[in-house]
Amino acid sequence: MKCLTIDPRSIDIDATVERGALLHGHFGPFLVVGIRMGLLALELLEHPGYFGLEAHSEAGWTPPLSCLNDGIQIGAGCTTGKGNLIVAARTRPCVRFTTESGRSATIELRREILAEIRGGQVDEFGTTLRHRPSEELFEWTIA
């Protein structure tokens, strides 16, 4: 079996969001947030995605926040079907990514960005979120 890889440094974010919308069924800012989180995790952990990586999401199962989980599937390749995307029944835009070797990155959406999304300041396509620097969108720790 040949495994795919994701190189977050060479991703066309607009095309990736388009593919994400095909999986998810529509565009939305939390889909974009999840994609960006997944790509950032791969970059921080220097990981190729899909296998040997687990994502523990605290985004829960209630839309629109739970849409972040579909973004994780696109951005990091962690899926519920493979069992490497675990979703906790919480309501927090935070995901911990852990590699087989035990390295981890916990990434959380900044409160002010969450407020922008919930306040309707972000369009449904998440256009402004696609290209903003990761430092503006997220806080993270690496262990």
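The residue numbering used here restarts from 1 in each chain and proceeds along that chain's sequence as written. Only residues with pLDDT of at least 70 get local features here, since the model is predicted, and only at 80 or more are side-chain atom pairs given and counted; chain-wide, interface and lining totals rely on the full set of residues. For side-chain calculations, the full set of non-hydrogen atoms in the structure is used, while hydrogens and water are omitted.

Focus on the packing of aromatic side chains
And step 1. The rule is short: rings of Phe, Tyr and Trp, with Trp giving its six-membered ring, pair when the centres are within 6.5 Å, and they are stacked under 30 degrees, edge-to-face over 60, tilted in between. One pass over the full model with this rule turns up one aromatic pair.
And step 2. With centroids separated by 5.0 Å and ring planes inclined at 65°, the aromatic side chains of Phe 27 and Phe 125 adopt a geometry described as edge-to-face. Of this pair, Phe 27 sits in the loop between helix H1 (13-24) and helix H2 (29-45) while Phe 125 sits in the loop between helix H4 (111-118) and helix H5 (127-131), and the two are 98 residues apart along the sequence.
And step 3. Using a relative accessible area of 22% as the deciding quantity, one classes Phe 27 as partly exposed.
And step 4. Only when the NZ atom of a Lys or the CZ atom of an Arg is both within 6 Å of the ring centre and within 35 degrees of the ring normal do we say a charge sits over the ring. In this arrangement the basic side chain of Lys 82 is found over the ring face of Phe 51, its NZ or CZ atom lying 5.2 Å from the centre. The helix count covers DSSP runs of H or I at least four residues long, the strand count covers runs of E at least two residues long, and both are numbered beginning at the N terminus. The cut-offs for exposure are 20% and 50% of the maximum accessible area for each residue type, with area from a 1.4 Å probe on protein chains only; residues under the lower value are buried, those over the upper are exposed, and the others partly exposed.

Some details on the sheet that holds strand E3 (residues 94-99)
Pairing between sheet strands relies on hydrogen bonds along the backbone, with the strands arranged either parallel or antiparallel.
And step 1. Strand pairing is assigned whenever DSSP identifies at least 2 bridges connecting the two strands. One open sheet accounts for five strands, arranged E2-E1-E3-E4-E5; its pairing is mixed. With one partner strand each, in any of the chains shown, strand E2 (85-87) and strand E5 (138-142) form the two edges of the open sheet. Adjacent strand axes in the sheet meet at a mean angle of 15° when their direction is disregarded.
And step 2. As defined by bridge partners, strand E4 (residues 104-109) adjoins E5 across five bridges and the pair is classed as antiparallel. When the bridges of E5 are listed, Thr 106 appears paired with Thr 141. All axes are obtained by fitting lines to C-alpha atoms, using only the stretch in contact for helices, and the reported angles, taken between N-to-C directions, cover 0 to 180 degrees.

A short note on the pattern of salt bridges
And step 1. A pair is scored as a salt bridge if a Lys or Arg side-chain nitrogen falls within 4 Å of a carboxyl oxygen belonging to Asp or Glu. Scanning the entire structure with this criterion turns up eight salt bridges.
And step 2. Among the ionic pairs, Arg 110 bridges to Glu 139, the shortest N-O distance being 3.2 Å. Placement of Arg 110 in the loop between E4 and H4 and of Glu 139 in strand E5 is noted, with a sequence separation of 29 residues between them.
And step 3. For Arg 110, a relative accessible area of 22% gives the class partly exposed.
And step 4. Owing to a relative accessible area of 44%, Glu 139 belongs among the partly exposed residues under this scheme.

Focus on the packing of H1 against helix H3 (residues 67-76)
And step 1. In the contact formed by H1 and H3, the axes pass within 10 Å of each other and the chain directions differ by 125°. The orientation of H1 relative to H3 falls into the category oblique. As H1 runs across H3, the sense of the crossing is right-handed. Across from Thr 16, Arg 19, Gly 20, Leu 23 and His 24 in H1, the residues of H3 making contact are Cys 67, Asp 70, Gln 73 and Ile 74.
And step 2. Classification used: nonpolar for Ala, Val, Leu, Ile, Met, Phe, Trp, Tyr, Cys and Pro, charged for Asp, Glu, Lys and Arg, polar for all others including Gly. For the contact of H1 with H3, the residue count by class is three nonpolar, four polar and two charged. An angle below 35 degrees is read as roughly parallel, one above 145 as roughly antiparallel, one from 65 to 115 as roughly perpendicular, and any other as oblique. Take the far helix as your reference; a near helix turned counterclockwise from it by less than a right angle gives a left-handed crossing, and one turned clockwise gives a right-handed crossing. In this analysis, two residues are considered to be in contact whenever any of their non-hydrogen atoms come within 4.5 Å of each other.

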